[in-house]
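What follows is the residue order along each chain.
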Amino acid sequence: MTDTVTTDLAAEEAADLAALAELTTQRCAVYRLLARLYRVEVDEEFLAELKAMRFPAATGNTAVDAGYRTIAAYLSGADAHAITDLAVDYVRAFIGHGIDAYSAAYPFESVYTSPKRLMMQEARDEVLAVYRSEGLDKLPTWKESEDHLALELEFMAVLGDRIVAAAEAGNEDEAERLLATQRNFLEDHLASWVPLMTADLRRFAQCGLYRGLASLTDGFIQVEQEFFDEIFGDENEAAETAETEAATDAAGAEEAE
């Protein structure tokens, strides 16, 4: 009987890890798509890849669905001038005319988390420390700050790759550690500033691709937050229960005195 129970539990754990690996692979694909769109202008090769993609029609998140629809609508009508139009819109949306810190949706965390909207501030140092804690650093070819949105999204994708590897190897502890690192980075960094940036992106972008990107990014962050709430929900509930019981015991001890 014990052997049967042990076998069932092992099979259930293996199935859970396999499901985690599959879901995380899908999540990584979205992180990398977003990172590529924010990193640099769309070129001919990437435009062809985008046109060949089949975006989901109903994900369950309104913002994600709206983003995919807007992007797909733009791509379906993209003509020979699309590359030039997108390059102009990328500059308009993310680089601006440089007059002040409010001229574009600057894709840097420091801009949205520092009082004077300056680059290379505390947020840059924080994310760099997180990258290095996982043995990562930016490539020498990357000339932008470490708190550029593309790099933060790519970091989440790299962690996702490691989660998949840990899950496939049956290393549940490492998978859980990496998931916790992802959750913390999402809450401490991405979720704290990206919605402000995407609000600006809607103001400055004119092409449907980048307007859709704003909605897709907002929705995906919401989906990720829900994902981590579900993953760590039992853990949070257990902690809250323990705190309540401790408070009750302390109150009982005071009454007894």
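Please read all numbers here as calculations on a predicted model, not as lab measurements. (Residues numbered from 1 in each chain as written. Predicted model: local features only at pLDDT ≥ 70, side-chain atom pairs only at ≥ 80, totals over all residues. Heavy atoms only, no water.)

### Considering the pattern of salt bridges
Side-chain pairs of opposite charge can arise where the charged atoms are in close proximity. This is how it is decided: Whenever a carboxyl oxygen of Asp or Glu lies within 4 Å of a side-chain nitrogen of Lys or Arg, that contact is scored as a salt bridge. Under the DSSP-based scheme used, a helix requires at least four consecutive residues in state H or I and a strand at least two consecutive residues in state E, with every element numbered from the N terminus. Each residue is placed in one exposure class: buried if its accessible area under a 1.4 Å probe, protein chains only, is under 20% of its type's maximum, exposed if it is over 50%, and partly exposed if it falls in between.
Under the defined criterion, the tally for this structure stands at 15 salt bridges. Across the pair Arg-92 and Asp-89 runs a salt bridge whose closest N-O atoms are separated by 2.3 Å. Taken as a pair, Arg-92 and Asp-89 lie in helix H4 (residues 82-95) at a separation of 3 residues, close to a single helical turn. Overall, Arg-92 belongs to the partly exposed group, its relative accessible area being 29%.

### Structural notes on unusual backbone geometry
Positive phi outside glycine occurs at Arg-117, with the angle close to 55°. For Arg-117, the location among the structural elements is in the loop between helix H5 (109-113) and helix H6 (122-133). Classification of Arg-117 as buried rests on a relative accessible area of 13%. Despite not being glycine, Met-120 has its phi angle at roughly 60°, a positive value.

### So, a negative patch on the surface
Here is the rule we go by: Surface patches are defined over residues having more than 30% relative accessible area and no salt bridge, joining like charges when they lie within 9 Å and nonpolar side chains (Val, Leu, Ile, Met, Phe, Trp, Tyr) when within 5 Å. What sets the accessible areas is the Shrake-Rupley method with a 1.4 Å probe; for residues, cover comes only from the shown protein chains. His is not counted, nor are the chain ends; Lys and Arg add positive charge and Asp and Glu add negative charge. Charge coordinates come from a single atom per side chain, which is NZ of Lys, CZ of Arg, CG of Asp or CD of Glu.
On the surface, Glu-122, Glu-126, Glu-187, Asp-188, Glu-226 and Asp-229 cluster together into a negatively charged patch. The set of elements that each furnish at least two residues to the negative patch consists of H6, helix H8 (172-204) and helix H9 (208-256). In this fold, Glu-122 is placed in helix H6.

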